[in-house]
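# Observations on the model geometry
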Amino acid sequence: MKYKRVLLKLSGEALMGEKQFGIDNDRLKQYAYEIKAIVDAGVETAIVIGGGNIFRGVQAEKGGIERTQGDYMGMLATMINAMALQAALEHIEVDTRLQSAIEMKQIAEPFIRRKAIRHLEKGRVVIFGAGTGNPFFTTDSAASLRAIEIDADVILKGTRVDGIYTADPEKDPSATRYSKITFDEVFQKGLKVMDMTAFTLCNENKLPIIVFDMNKPGNLLRVMEGEEVGTIVEF
Ligand code: UDP
């Protein structure tokens, strides 16, 4: 395998599948099998999952809920997704531990960096829930932060597009995909890979990012095998 320890970021929206809200069971199962394949191949795997399929802090303001309250609600939404993914993985005999950035000791361990690393060394998948535990951040930022903390080799952003394009491929049919791009080029061209906080964290800590289509069966394993899948952002 090209990478020994990775952090996989999945958006909450990806879990919806064709639905408008919530969790699609088939999609959940598919992701669990994709993850199992790399764990079985010996990759130490940590996961951060978003909550956008259930709740986002910014949308709360429209309903009269103040932003910070909404953000905490969003963090709780990530825990629902994290628990679903944990259950789906355990169902196919993948060992997991769920760590939460907000204490909820009945359902998850608290986030303890050294403990997370021990779990990874023992071959357990560690899912980090509740984002960073702070409002005004995103799960992309949580993913970058945790990846740096556990000393991951790369952050994998599993999305529904197969990489970074010269323009939005859904709007501009002439857009082409980069297979490699540098952090500086992303800044210069104003491309959107992650939010700026998350992206800056990766840049400052020399953490490469791979953006790839998580919905294509076998893609995650292909990335681990070093195949040119998606786009790699490097130095
Ligand atoms: N959130 C937060 N702090 C964090 C991570 C998440 O406040 O560290 C909140 C924020 O309101 C966000 C919501 O949780 O909108 C869901 O996360 P995100 O939007 O990143 O999910 P995704 O887009 O990946 O599904």
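To start, this report covers the structure provided alongside it. All of these numbers come straight from a predicted model, not from anything done at the bench.

### Thoughts on the site of the ligand
In the region of the ligand, 21 residues are neighbours, and Arg 56, Asp 71, Thr 132, Asn 134 and Thr 139 sit closest. The contact in question runs from an oxygen atom of the ligand to an N or O atom on the backbone of Gly 51, over 3.1 Å. A distance of 3.2 Å is found between a nitrogen atom of the ligand and a backbone nitrogen or oxygen belonging to Phe 137. Starting from 520 Å² of accessible surface for the ligand in isolation, the protein chains cover 93%. Per-element tally for the shell around the ligand: the top contributor is helix α3 (residues 67–91), with three residues. Across the shell around the ligand, the residue classes break down as five nonpolar, 12 polar and four charged.

### Details of the packing of helix α1 (residues 25–40) against α3
For the pair α1 and α3, the least separation of the axes is 9 Å and the interaxial angle reads 60°. As far as their axial angle goes, α3 and α1 are oblique. The handedness of the crossing between α1 and α3 is right-handed. Contacts from Leu 28, Ala 32 and Ile 35 of α1 reach α3 at Ala 84, Leu 85, Ala 88 and Leu 89.

### Comments concerning helix α4 (residues 113–121)
The α-helix advances 3.6 residues per turn, and as a result positions three or four apart in sequence lie on the same side. For α4, every residue scored as buried is listed here: Ala 116, Ile 117, His 119 and Leu 120. The arc that holds the buried residues of α4, viewed along the axis, is 160°, so those residues lie on one side. Looking at the buried positions of α4, the neighbouring elements they touch are β1 (5–10), β2 (44–49), β3 (96–100), β4 (109–110), β5 (125–129) and α5 (139–149). Immediately beyond the C-terminal end of α4, within one or two residues, lies Gly 123, with a positive phi of roughly 85°.

### Describing the packing of α5 against helix α7 (residues 196–204)
The interhelical angle for the contact between α5 and α7, taken along N-to-C directions, is 20°, at an axis separation of 7 Å. Classified by the angle between their axes, α5 and α7 sit roughly parallel to one another. You can see that α5 and α7 cross each other, and the crossing is left-handed. Along the contact surface, α5 presents Asp 140, Ser 141, Ser 144, Leu 145 and Ile 148, while α7 presents Thr 197, Ala 198, Leu 201 and Cys 202.

### What about the pattern of salt bridges?
Across all of its chains, the model carries 12 salt bridges by this definition. For the salt bridge of Arg 97 with Glu 109, the shortest nitrogen-to-oxygen distance reads 4.0 Å. One end of the pair, Arg 97, is in strand β3; the other, Glu 109, is in strand β4, with 12 residues separating them in the sequence. Among the ionic contacts, a cluster of salt bridges with common partners joins Lys 4, Arg 5 and Glu 44.

### Considering unusual backbone geometry
The residue Glu 93 is not glycine, and still its phi comes out positive at about 60°. Within the secondary structure, Glu 93 is located in the loop between α3 and β3. At Lys 206, a position not held by glycine, the phi torsion is positive, near 55°. Within the secondary structure layout, Lys 206 lies in the loop between α7 and β8 (209–213).

### Digging into the nonpolar core
Grouped together as the largest cluster of nonpolar side chains are 40 residues, with contacts concentrated most on Leu 8, Ile 35, Ile 47, Leu 85, Leu 89, Leu 156 and Phe 212. Where this core is concerned, the elements lending two or more residues are β1, α1, β2, α3, β5, β6 (154–159), β8 and α8 (219–224). With seven residues, the single largest contributor to this core is α3. Among all residues touching Leu 156, those that are not within four sequence positions of it are Val 6, Leu 7, Leu 8, Lys 9, Ile 210, Phe 212, Leu 220, Val 223 and Met 224. Judged by nonpolar contacts, the second largest core, of 29 residues, contains Ala 143, Ile 150, Val 193 and Val 211.

Conventions we followed
Residues numbered from 1 in each chain as written. Predicted model: local features only at pLDDT ≥ 70, side-chain atom pairs only at ≥ 80, totals over all residues. Heavy atoms only, no water. Near = heavy atom within 4 Å. Polar contact = N/O pair within 3.5 Å; in protein donor to acceptor, adjacent residues only side chain to side chain. Areas by Shrake-Rupley, 256 points an atom, 1.4 Å probe, with all protein chains shown as cover. Helix = DSSP H or I, 4+ residues; strand = E, 2+ residues; numbered from the N terminus. Nonpolar A, V, L, I, M, F, W, Y, C, P; charged D, E, K, R; others polar. Axes fitted to C-alpha atoms, helices over the stretch in contact; angles between N-to-C directions. Parallel < 35°, antiparallel > 145°, perpendicular 65-115°, else oblique. Left-handed = near helix turned anticlockwise from the far one by under 90°. Contact = heavy atoms within 4.5 Å. Buried < 20%, exposed > 50% of the residue type's maximum accessible area, 1.4 Å probe, protein only. Arc of directions from axis to C-beta. Salt bridge = Lys/Arg side-chain N within 4 Å of Asp/Glu carboxyl O. Core = buried A, V, L, I, M, F, W, Y, C linked by side-chain atoms within 4.5 Å.

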